[in-house]
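Survey of secondary and tertiary structure
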Number of protein chains: 2
Amino acid sequence: MKIAMDVMGGDKAPGEIVKGALLAAEKFTDMEFILVGYENVLSSYQFPANVSCRYCTQMMAMDESVESLRQKRDSSIWVATELVKRGEADAVISAGSTGAQMASALLILGRIRGISRPAIGFMMPTVAGMRLILDGGANAEVEPEQLYQFAAMGEVYMKSVYHVESPRIGLLSNGTEAHKGSATVCAAHEMIAAGPFHFIGNLEGRDIPFGEYDVLVCDGFTGNVVLKLSEGLSKMILSLIKEALSSNLRSKLGAALILPSLNGMKQKMDYKEHGGAPLLGVKGLSIVCHGSSDAKAIYNAVIRARECYENDFVGKLSQMDLPAPTQP
Amino acid sequence: MKIAMDVMGGDKAPGEIVKGALLAAEKFTDMEFILVGYENVLSSYQFPANVSCRYCTQMMAMDESVESLRQKRDSSIWVATELVKRGEADAVISAGSTGAQMASALLILGRIRGISRPAIGFMMPTVAGMRLILDGGANAEVEPEQLYQFAAMGEVYMKSVYHVESPRIGLLSNGTEAHKGSATVCAAHEMIAAGPFHFIGNLEGRDIPFGEYDVLVCDGFTGNVVLKLSEGLSKMILSLIKEALSSNLRSKLGAALILPSLNGMKQKMDYKEHGGAPLLGVKGLSIVCHGSSDAKAIYNAVIRARECYENDFVGKLSQMDLPAPTQP
């Protein structure tokens, strides 16, 4: 498998991105890595045999408007995505602007038949294991039909990549009853319920961490708030624990004893540990990473890309035969 | 101050509601409590001098459609809200159906001039103290003008009840840049930025637990997900800690030492500790409680009602002179 790595995108680019790629290259000697970035950045490194470079002269800044992508056909994300389109790479990985990555994927790779908008499929740590939440932030506004398509893509993803036989699909709402939610969510509820899914109905915010579902469908605005709130809250609680543990001598003594157990828990709750999120619905693998990704996160994104590739996720999604939703 | 207590509403009604009212009646001997409920429920109690009963013959079930309120003019929430309208009580408290409580407040008390939709103002525990999030779930869909009104009501609330001189107003979105979010959120951003506020711009999910704001404005769908996810996630993390602490003898020993410190932390993170949420925008005090409220939560809701009453929150909100928002 060959990975095109956008070395210029992300808050910690290029250093941590290159470092993550090198970690992965060392671990997976059967894989090849094409680092896409500026010559003056990449020429200072010594690379092993399974790492090559593809120089480019432009990049998309994190907060740059997607419109400027038109004038940046030699930007790292564009060039890396083109490598996938031409079959020179099997996946592109980027921690840069999500908007630019999504636009590149749409314009270069194109949408899968029957899918009107791609979605970010985020794997969320829960007490019951990793669960898929989509959309994780690609579409701030959605139509009911799109939520129906997210359900379908999520089902294929959990079936093909995580080998869940009959994925339980939940719809995020502000109440468990079918009539709860915005007009869009209510209409989506009817469509998904009438569709060919193992639909378990509406789920509420409090259900998310307990993982009694396989796929949680929501719009990208809410999905983004869910992911970032989970990240912020677990960070905050861990810092409160630290504070409580150093509040007096007795606690400090206790803390020294429980440290190993707590570190195991911290790892479970570290959202960065869990790597990138594929863009579901485009004709090729494009893995979206957190803007603040470090080498470890990039390494984990490689593992995610590999899982998708080995299980032919894009192929299976392309063959999906989804009936048109019943209009409520 | 007189409180009309809806004894029939809530998962733990009537037992825990009556118990909570009695706790408050014992603590606040200068207050009066009117318990509104079925005669066969209330007649079995012995009440102190500052607690009286008002019998009714109907109630609204938790999942009952708001439409049936028309046929239930002798339901506990309707009767309790009428007591406020007639000046026989200064606030109504309920843990019953939020929809029924909101409809009763709108129909009986009416909206404050300039406010098109009332919002639930939820106090959220953060590391920096309690912060106001609105809407906490009254409106699954909103217009930009309504988010602008939420900002205005939130400002008056934090000024008058919490004595914050110049409340920092944040808008929840899926990115910090002004152009991030749904079309509604983007339009609201422009309106609030042009309004008479101390506006600190968009906030993301990860910012919520750190409390670098006084008021966080969002639609009721997202607000509801935020509150319930925070509740679920802190519950989940605390159970993970417990599990980690009992995983081996060394941890158990450490756990015994740190227990007192951890309990203090647990209290900080317990969303039930923090009582009810006022319905902002109606001409009277109506305090919404969590459906699962126990006696302690009801007691805390009384404290919240008292704070609002003593600081004449509704009076100040009625006098608010809010300029019409600039249309983007």
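In what follows, the accompanying structure is described.

The rules behind the values
- Residues numbered from 1 in each chain as written.
- Chains lettered and ligands numbered in written order.
- Predicted model: local features only at pLDDT ≥ 70, side-chain atom pairs only at ≥ 80, totals over all residues.
- Heavy atoms only, no water.
- Helix = DSSP H or I, 4+ residues; strand = E, 2+ residues; numbered from the N terminus.
- Rg over C-alpha atoms; globule rule 2.2 N^0.38 Å.
- Contact = heavy atoms within 4.5 Å.
- Areas by Shrake-Rupley, 256 points an atom, 1.4 Å probe, with all protein chains shown as cover.
- Lys, Arg positive; Asp, Glu negative; His and termini not counted.
- Charge placed at Lys NZ, Arg CZ, Asp CG, Glu CD.
- Expected span 1.5 Å × (residues − 1).
- Buried < 20%, exposed > 50% of the residue type's maximum accessible area, 1.4 Å probe, protein only.
- Salt bridge = Lys/Arg side-chain N within 4 Å of Asp/Glu carboxyl O.
- Buried area = accessible area lost by both parts, 1.4 Å probe.
- Polar contact = N/O pair within 3.5 Å; in protein donor to acceptor, adjacent residues only side chain to side chain.
- Pairing = 2+ DSSP bridges.
- Axes fitted to C-alpha atoms, helices over the stretch in contact; angles between N-to-C directions.

Turning our eyes to something else, we now look at the overall build of chain A. When helices and strands are counted, chain A shows ten helices and twelve strands. Here the C-alpha radius of gyration of chain A, 21 Å, is about what a compact globule of 328 residues would show, namely 20 Å. Principal axes of the C-alpha set define a box for chain A whose edges measure 65 × 60 × 35 Å. Sequence-distant contacts, at least 24 apart, represent 70% of the contacts inside chain A between residues at least 6 apart. Split by element, the accessible area of chain A, about 12,900 Å² in all, is 50% carbon and sulfur. Taking the average location of the 31 positive side-chain charges in chain A and that of its 36 negative ones, the two points are 4 Å from each other.

Moving on, we come to helix H5 (residues 144-160) of chain A. Between its first and last C-alpha, H5 of chain A extends 25 Å over 17 residues, near the 24 Å set by a 1.5 Å rise per residue. The buried fraction of H5 of chain A amounts to 15 of the 17 residues, a majority that puts the element mostly inside the structure.

Applying the stated criterion to the full structure yields 24 salt bridges over all chains. With its nearest N and O atoms 3.8 Å apart, the salt bridge here joins Glu177 of chain A to Lys180 of chain A. A relative accessible area of 32% places Lys180 of chain A in the partly exposed class. Look at the salt bridges and you will find they share partners, linking Glu204 and Arg206 of chain A together with Lys228 and Glu231 of chain B into a network.

Looking now at the interface of chain B and chain A. Between chain B and chain A, the residue contacts involve 58 residues of the former and 58 residues of the latter. Buried area between chain B and chain A, summed over both chains or domains, comes out near 5,000 Å², and the portion from carbon and sulfur atoms is 72%. Contact with chain A buries area across many residues of chain B, yet Arg206, Phe221 and Leu229 of chain B alone supply 13% of it, more than any other trio. Our enumeration of links across chain B and chain A arrives at four salt bridges. The partner of Glu231 of chain A in a salt bridge is Arg206 of chain B, with the nearest N and O atoms 3.5 Å apart. For the pair chain B and chain A, the number of links is six residue pairs in polar contact (both at pLDDT 80 or more). Of all elements in the fold, only strand S6 (122-126), helix H6 (183-194), helix H7 (220-245) and helix H8 (249-269) of chain B reach the threshold of two or more residues within the side of chain B that touches chain A. With 20 residues, H7 of chain B is the single largest residue contributor to the side of chain B that touches chain A.

Residue and element names in this part refer to chain A. One open sheet accounts for five strands, arranged S6-S7-S10-S8-S9; its pairing is mixed. Edge positions in the sheet fall to strand S6 (122-126) and strand S9 (198-203), since each of these pairs with one other strand and no more. Each neighbouring strand pair of the sheet contributes to a mean axis angle of 30°, computed without reference to strand direction. Bridge analysis of strand S8 (residues 168-172) against S9 gives four bridges, and the strand direction is parallel. Of the residues in S9, the one forming a bridge with Ile169 is Phe199. On top of the sheet, helix H7 (residues 220-245) reaches S6, strand S7 (129-134) and S8; it is set at about 40° to S6, its chief contact.

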